Amino acid sequence: MNGYITVQEAADKWGITPRQVQILCKSNRIVGATRMSRIWIIPEDAEKPTNDKRRVEYCND
């Protein structure tokens, strides 16, 4: 499909596992990701979602 990539291609592009990409798709964290039958298709220009939970701001009080 033109303009879309697979979960494996996104995983290679972003440096994460294919399973993690599937989890991101399922939780609607990748804009434009769509499920076709049993596979996820992701727009080529989709950005890797950031993980805000891991960002910790330290405060020196």
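Residues numbered from 1 in each chain as written. Predicted model: local features only at pLDDT ≥ 70, side-chain atom pairs only at ≥ 80, totals over all residues. Heavy atoms only, no water.

Draft legend 1. Region of the structure containing the pairing of strand β3 (residues 39–43). In terms of burial, β3 is largely enclosed, as 4 of its 5 residues are buried. As judged from the 2 bridges shared by strand β1 (residues 4–5) and β3, these two strands associate in the antiparallel manner. Looking at the pairing, Tyr4 lines up with Pro43 of β3. Here 3 bridges tie strand β2 (residues 34–36) to β3, and the two strands are oriented antiparallel to one another. Bridge assignment links Met36 to a residue of β3, and that residue is Ile39. (Buried < 20%, exposed > 50% of the residue type's maximum accessible area, 1.4 Å probe, protein only. Helix = DSSP H or I, 4+ residues; strand = E, 2+ residues; numbered from the N terminus. Pairing = 2+ DSSP bridges.)

Draft legend 2. View of a negative patch on the surface. Residues Glu9, Asp12, Glu44, Asp45 and Glu47 make up a contiguous surface patch of negative charge. Topologically, Glu44 is positioned in the segment after β3. Under the relative-accessibility criterion, Glu44 is labelled partly exposed at 44%. (Patch = residues over 30% accessible without salt bridge, like charges linked within 9 Å, V, L, I, M, F, W, Y side chains within 5 Å. Areas by Shrake-Rupley, 256 points an atom, 1.4 Å probe, with all protein chains shown as cover. Salt bridge = Lys/Arg side-chain N within 4 Å of Asp/Glu carboxyl O. Lys, Arg positive; Asp, Glu negative; His and termini not counted. Charge placed at Lys NZ, Arg CZ, Asp CG, Glu CD.)

Draft legend 3. Highlighting the environment of Lys13. Within the element layout of this structure, Lys13 appears in helix α1 (residues 7–14). Spatially, the C-alpha atoms of Lys13 and Lys48 are 9.1 Å apart, while their sequence positions differ by 35 residues. Apart from residues lying up to four places away in sequence, Lys13 is in contact with Ile5, Glu44 and Ala46. Within the structure, Lys13 has its side chain in polar contact with the backbone oxygen of Glu44 (distance 2.8 Å). (Contact = heavy atoms within 4.5 Å. Polar contact = N/O pair within 3.5 Å; in protein donor to acceptor, adjacent residues only side chain to side chain.)

Coordinates in, geometry out; function isn't part of it.
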